Amino acid sequence: AALVRGIAWNATGTVNYPEGKAPQFIGNRTECALLHLLKKDLDVNFVSERKSAEQRLFYRENFSSDRKRMTTVYVVTKTDEDGPNFLKELAKDAEGADADGAEDGDEAAAGEQEAAGGGAA
């Protein structure tokens, strides 16, 4: 579930599948390739996954070449995981570090932040 959310919720590109034709990538080709992986190899409908995320979106800062970073923050509810509601940050950083400076693959790279009453901690 975390891989699907990380790709579908934090990608701004999309992939169209016209009947009888090759997929059409719209947006960043790397993001589109990951979305295509979700659909074709993992049988995940990334469009419906994104629609479920729209209600949870707390904040988004689109990728910028100057910052070399994109950030998406969404609300995780009690029905998603045990415990209180909290905010989870998904970040793409061209330098290979997350918002906390942890290198890709570190457990700290999850970017989870508890929130009191829906605000950032």
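Scroll up to find the structure this text is about.
The text that follows walks through the structure, step by step, so that each part is easy to find. A quick note: this is a predicted structure, and the numbers were derived from the prediction, not measured.

**Some remarks on the overall build of the chain**
Here is step 1 of the chain: What the chain contains, in helices and strands, is three helices and seven strands.
Here is step 2 of the chain: Mapped from its N terminus to its C terminus, the chain presents α and β elements in the order α-β-β-α-α-β-β-β-β-β.
Here is step 3 of the chain: Relative to its 121 residues, the chain shows a buried fraction of 31%.
Here is step 4 of the chain: Within the chain, residue pairs in contact and separated by at least 24 positions form 40% of the contacts whose partners lie at least 6 positions apart.
Here is step 5 of the chain: For the chain, the computed accessible surface area is about 7,700 Å², with 48% contributed by carbon and sulfur atoms.

**With respect to the pairing of strand β3 (residues 57–64)**
Here is step 1 of the chain: In terms of strand pairing, β3 meets strand β4 (residues 69–76) through five bridges, oriented antiparallel. Bridge pairing in β4 places Ser64 opposite Arg69.
Here is step 2 of the chain: Once β3 ends, the chain turns through four residues before running back antiparallel as β4, passing Lys68 with a positive phi of about 55°.

**Describing the side chain of Arg50**
Here is step 1 of the chain: Position of Arg50 among the secondary structure elements: in helix α3 (residues 46–54).
Here is step 2 of the chain: For Arg50, the side chain forms a polar contact with the main-chain oxygen of Ala8, separated by 3.0 Å.
Here is step 3 of the chain: In this structure the side chain of Arg50 is engaged in a polar contact, spanning 2.7 Å, whose partner is the backbone oxygen of Ala11.
Here is step 4 of the chain: Apart from the residues lying within four places of it in its own chain, the contact partners of Arg50 are Ala8, Ala11, Thr12, Gly13, Thr14 and Leu35.

**Examining the packing of aromatic side chains**
The description of two aromatic rings rests on the distance between their centres and on the angle between their planes.
Here is step 1 of the chain: Taken as a whole and judged by the stated rule, the model has one aromatic pair.
Here is step 2 of the chain: For the ring pair Trp9 and Tyr74, a centre distance of 4.3 Å and an interplane angle of 80° mean the geometry is edge-to-face. Within this pair, whereas Trp9 is found in the loop between α1 (2–8) and β1 (14–16), its partner Tyr74 is found in strand β4, the two being separated by 65 residues in sequence.
Here is step 3 of the chain: Between Lys39 and the ring centre of Tyr17, over which it is positioned, the NZ or CZ distance is 5.2 Å.

**Considering the layout of surface pockets**
Here is step 1 of the chain: In this structure, the second largest pocket occupies an estimated 160 Å³ of space.
Here is step 2 of the chain: Every residue along the wall of the second largest pocket is listed here: Ala8, Trp9, Ala11, Thr12, Arg50, Ala53, Glu54, Leu57, Arg60, Thr72 and Tyr74.
Here is step 3 of the chain: If you list the elements that add at least two residues to the lining of the second largest pocket, you get α3, β3 and β4.
Here is step 4 of the chain: Sort the elements by how many residues they give to the lining of the second largest pocket and α3 lands first, with three residues.
Here is step 5 of the chain: For the lining of the second largest pocket, the per-class residue count stands at six nonpolar, two polar and three charged.

**Some points on the environment of Phe46**
Here is step 1 of the chain: Mapping Phe46 onto the fold places it in helix α3.
Here is step 2 of the chain: For Phe46, a relative accessible area of 3% puts it in the buried group.
Here is step 3 of the chain: Taking C-alpha positions, Phe46 is 8.9 Å from Arg5, a pair spaced 41 residues apart along the chain.
Here is step 4 of the chain: Leaving out residues up to four positions away in the same chain, Phe46 has contacts with Ala8, Thr14, Val15, Tyr17, Leu35, Leu38 and Lys39.

**Some words on helix α2 (residues 29–40)**
Here is step 1 of the chain: Between its first and last C-alpha atoms α2 spans 16 Å; for twelve residues at 1.5 Å apiece the expected length is 16 Å, and the two agree.
Here is step 2 of the chain: Along α2, the positions that sit buried rather than exposed are Glu31, Cys32, Leu35 and Leu38. Mapping the buried residues of α2 onto a view down its axis gives an arc of 115°, with all of them on the same face. Facing away from the buried surface of α2 by more than 90 degrees, the exposed residues are Arg29, Thr30 and Lys40.

Basis of the calculations
- Per-chain numbering applies: the sequence of each chain, read as written, is numbered from 1 onward.
- Selection of residues for local features in this predicted model requires a pLDDT of at least 70, selection of side-chain atom pairs for listing and counting requires 80 or more, and totals for whole chains, interfaces and linings are taken over all residues.
- Processing note: side-chain calculations cover all non-hydrogen atoms of the structure and skip hydrogens and water entirely.
- Going along the chain from the N terminus, every DSSP run of H or I of four or more residues is numbered as a helix, and every run of E of two or more is numbered as a strand.
- The cut-offs for exposure are 20% and 50% of the maximum accessible area for each residue type, with area from a 1.4 Å probe on protein chains only; residues under the lower value are buried, those over the upper are exposed, and the others partly exposed.
- Here a residue-residue contact requires only that any non-hydrogen atoms of the pair lie within 4.5 Å.
- In these tables, accessible area is a Shrake-Rupley quantity obtained with a 1.4 Å probe, and a residue counts as shielded only by the protein chains included in the view.
- Here a strand pair is declared whenever DSSP counts at least two bridges between the two strands.
- Throughout this description, a polar contact denotes any pair of N or O atoms lying within 3.5 Å of each other; where both atoms belong to protein, one of them has to be capable of donating a hydrogen while the other can accept it, and for residues adjacent in sequence the pair is counted only when both atoms sit in side chains.
- A pair of aromatic rings is counted whenever rings of Phe, Tyr or Trp (Trp by its six-membered ring) have centres within 6.5 Å, and the orientation is called stacked for planes under 30 degrees apart, edge-to-face for over 60 and tilted otherwise.
- The criterion is that NZ of a Lys, or CZ of an Arg, lies within 6 Å of the ring centre and within 35 degrees of the ring normal, and then a charge sits over that ring.
- Put simply, the grid is 1 Å and covers the protein atoms alone, a cavity is a trapped set of points that fit a 1.4 Å probe, a pocket is an open set with protein on both sides within 12 Å along at least five of seven lines, and lining residues have an atom within 4 Å of a point.
- Grid points are joined across faces, edges and corners, and a volume is the space filled by probe spheres set on the points.
- Charged residues are taken to be Asp, Glu, Lys and Arg, nonpolar residues to be Ala, Val, Leu, Ile, Met, Phe, Trp, Tyr, Cys and Pro, and polar residues to be all remaining types, Gly included.
- Residue count minus one, scaled by 1.5 Å, sets the expected span of a helix.
- The arc in question is traced by the directions running from the helix axis to the C-beta atoms.

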